[in-house]
Amino acid sequence: MYDNAGTGGHVPVMLDRVLELLAPALTGQEPVVVDANLGLGGHSEALLAAHPSLRLIGIDRDPFAIEFSTRRLAPYADRTTLVHASSDELADVLARAGRATVDGVLFDLGVSSPQLDEAERGFAYSYDAPLDMRMDTDQELTAEKVVNTYSAAELTRILRDYGEERFAPRVARLIIQERAKDPITSTKRLAEIVRQAIPAATRRTGGNPAKRTFQALRIEVNAELAALEAALPAALDALVLGGRVVVLSYHSLEDRLTKQVLAARTKDTGPPGLPVPLPAHQPRFRLLTRGAELPSEEELARNPRATSARLRAAERIRVDHQD
């Protein structure tokens, strides 16, 4: 499937900034980086090329991504370990690799280009395809199953929470009505149902009205926020002193969660007003970015899929027995 993707058209998002932020953590003799969302391996390839002694552990739940990146990273095969797993299995992956600590972790969240471009994966409303949306094609839950079996309340919740769809109850109601006639099995039919549910005045602005529903279903099918919620703290726990984490997110829910997790690790948790800070309550990390960094105009011109990218990064500044 990925053979046609090539790598010429694939531009890793904010690559120069990712390399710049991780570089200070990779100056040791044999540094280790985890690419927790390997995708097409573009960031990993650049990291391996830039750091000749680097060891890389790549994780992806999509078996096609693992196959593709295995070929792409073949020149560095002696320095790479690629694992078919979800990012929330990060701690287990490290344990199996015999790595108690690592020097850097990269999260490049969201959907890879081939997942969007391969119509049969069912991620995009711009193609008519089976309602699938699984990143890991071995798992049972699909978008079709969600759309045809979830209750109105469950559909409303995921559309509201994951798609930030303000007409979530209307969309959910129409889905329930339409699936009673015939099961909803294609992206085209679902997109049309959503379009009908959204008021005409709203449809005239803000792009395709199905965008938020498709995002919500993708997040639900792949448990994306739950994976990040588990994986990011595990990554922070694994970092050595001076180790760094970089997170690229593509919608506000991921970015908000990243911000919250990093904020919790970068603040003093001691009681206010103490004359001397308590070591046990001092921050373990410091932020390397002021807020979320955005791609440059030059990058956006070169790589339109970077449009929604938000980058945050942090460095471990303290290690003690409580970590």
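As shown above, the structure is provided for reference.
Overview of the structure. Note that the structure is a prediction, hence the values are computed from the model and not measured.

Here we look at the overall build of the chain
Part 1 of the reasoning: Helices and strands together make up the secondary structure of the chain, namely 14 helices and seven strands.
Part 2 of the reasoning: Computed over C-alpha atoms, the radius of gyration of the chain comes to 21 Å, within 12% of the 20 Å expected from 2.2 N^0.38 for 323 residues, which places it in the range of a compact globule.
Part 3 of the reasoning: Structurally, the chain occupies a C-alpha span of about 65 × 55 × 40 Å along its principal axes.
Part 4 of the reasoning: Within the chain, the proportion of its 323 residues that are buried is 51%.
Part 5 of the reasoning: Put simply, of all contacts in the chain between residues at least 6 apart along the chain, 71% involve residues at least 24 apart.
Part 6 of the reasoning: About 15000 Å² of surface is accessible on the chain, with carbon and sulfur atoms providing 51% of the total.
Part 7 of the reasoning: Within the chain, one finds 40 positive and 45 negative side-chain charges whose respective centroids are separated by 7 Å.

Description of the sheet that holds strand S6 (residues 285–287)
Part 1 of the reasoning: Ordered in space as S3-S2-S1-S4-S5-S7-S6, the seven strands form an open sheet in which the pairing is mixed. Each edge of the open sheet carries a strand with a single partner, namely strand S3 (80–84) and S6. Strand-to-strand twist in this sheet, taken as the mean axis angle between neighbours without regard to direction, amounts to 15°.
Part 2 of the reasoning: As defined by bridge partners, strand S5 (residues 239–249) adjoins strand S7 (residues 310–316) across six bridges and the pair is classed as antiparallel. Paired with Arg 244 across the strands is Glu 315, a residue of S7.
Part 3 of the reasoning: Each of strand S2 (55–60) and S3 is contacted by helix H3 (residues 63–72), which is oriented at about 160° to S3, the strand it contacts most.
Part 4 of the reasoning: Packed onto the sheet, helix H13 (residues 252–265) meets S5, S6 and S7 and runs at close to 20° relative to S7.

Comments concerning the side chain of His 51
Part 1 of the reasoning: Among the structural elements, His 51 can be located in the loop between helix H2 (42–50) and S2.
Part 2 of the reasoning: The exposure class assigned to His 51 is buried, which follows from its relative accessible area of 14%.
Part 3 of the reasoning: Here His 51 is in contact with Ala 23, Leu 26 and Arg 79, once residues within four sequence places are set aside.

Comments concerning the pairing of S5
Part 1 of the reasoning: The buried count for S5 comes to eight of eleven residues, which makes it a mostly enclosed element.
Part 2 of the reasoning: Here strand S4 (residues 102–108) pairs with S5 via six bridges, running parallel. Residue Gly 104 lies in a different strand from S5, and its bridge partner there is Arg 244.

Some details on the pairing of strand S1 (residues 32–35)
Part 1 of the reasoning: Neither face of S1 is exposed, since Val 32 and Val 34 on one face and Val 33 and Asp 35 on the opposite face are all buried.
Part 2 of the reasoning: Direction of pairing for S1 relative to S2: parallel, over a ladder of four bridges. Paired with Asp 35 across the two strands is Gly 58, which belongs to S2.
Part 3 of the reasoning: Handedness of the crossover joining S1 and S2 through H2: right-handed.
Part 4 of the reasoning: With three bridges connecting them, S1 and S4 associate as parallel partners. Note on S4: the bridge partner recorded for Val 34 is Val 105.

Comments concerning the nonpolar core
Part 1 of the reasoning: Ranked by size, the top nonpolar core spans 60 residues in total, and within it Val 34, Leu 90, Val 105, Phe 107, Leu 190 and Val 245 carry the most contacts.
Part 2 of the reasoning: When residues of this core are assigned to their parent elements, the largest contribution, eight residues, is made by helix H12 (residues 224–238).
Part 3 of the reasoning: Of all hydrophobic cores here, the second largest spans 25 residues; its members include Leu 26, Leu 54, Tyr 76 and Leu 288.

Quick look at the packing of helix H7 (residues 152–163) against helix H8 (residues 168–181)
Packed helix pairs are characterised by how far apart their axes lie and by the angle those axes make with each other.
Part 1 of the reasoning: Contact pair H7 / H8: the axes reach a minimum separation of 8 Å and the direction vectors enclose 135°. As the angle between them shows, H7 and H8 are arranged oblique. The chirality of how H7 crosses H8 is right-handed. Residue-level contacts link Ala 152, Leu 155, Thr 156, Leu 159 and Arg 160 of H7 to Ala 168, Pro 169, Val 171, Ala 172, Ile 175, Ile 176 and Arg 179 of H8.

Regarding the packing of H12 against H13
Part 1 of the reasoning: Where H12 contacts H13, the axes come no closer than 10 Å and their chain directions differ by 30°. As the angle between them shows, H12 and H13 are arranged roughly parallel. For H12 against H13, the interelement crossing comes out right-handed. Together, Glu 224, Leu 225, Leu 228, Glu 229, Leu 232, Pro 233, Leu 236 and Asp 237 of H12 and Leu 253, Glu 254, Leu 257, Thr 258, Val 261, Leu 262 and Arg 265 of H13 make up the contact between the two elements.
Part 2 of the reasoning: Looking at the contact of H12 with H13 residue by residue, the classes come out as nine nonpolar, one polar and five charged.

Let's talk about H7
Part 1 of the reasoning: Between its terminal C-alpha atoms H7 stretches 15 Å, which fits the 16 Å expected from twelve residues at 1.5 Å a residue.
Part 2 of the reasoning: Those residues of H7 that fall on the buried side of the exposure criterion are Leu 155, Thr 156, Ile 158, Leu 159, Tyr 162 and Gly 163.
Part 3 of the reasoning: Elements that come into contact with the buried residues of H7 comprise helix H6 (143–149), H8, helix H11 (211–222), H12 and H13.
Part 4 of the reasoning: One or two positions beyond H7, positive phi appears at Glu 164, with a value near 50°.

Calculation rules
Residues numbered from 1 in each chain as written. Predicted model: local features only at pLDDT ≥ 70, side-chain atom pairs only at ≥ 80, totals over all residues. Heavy atoms only, no water. Helix = DSSP H or I, 4+ residues; strand = E, 2+ residues; numbered from the N terminus. Rg over C-alpha atoms; globule rule 2.2 N^0.38 Å. Buried < 20%, exposed > 50% of the residue type's maximum accessible area, 1.4 Å probe, protein only. Contact = heavy atoms within 4.5 Å. Areas by Shrake-Rupley, 256 points an atom, 1.4 Å probe, with all protein chains shown as cover. Lys, Arg positive; Asp, Glu negative; His and termini not counted. Charge placed at Lys NZ, Arg CZ, Asp CG, Glu CD. Pairing = 2+ DSSP bridges. Axes fitted to C-alpha atoms, helices over the stretch in contact; angles between N-to-C directions. Right-handed = clockwise from strand over helix to strand, strands pointing away. Core = buried A, V, L, I, M, F, W, Y, C linked by side-chain atoms within 4.5 Å. Parallel < 35°, antiparallel > 145°, perpendicular 65-115°, else oblique. Left-handed = near helix turned anticlockwise from the far one by under 90°. Nonpolar A, V, L, I, M, F, W, Y, C, P; charged D, E, K, R; others polar. Expected span 1.5 Å × (residues − 1).

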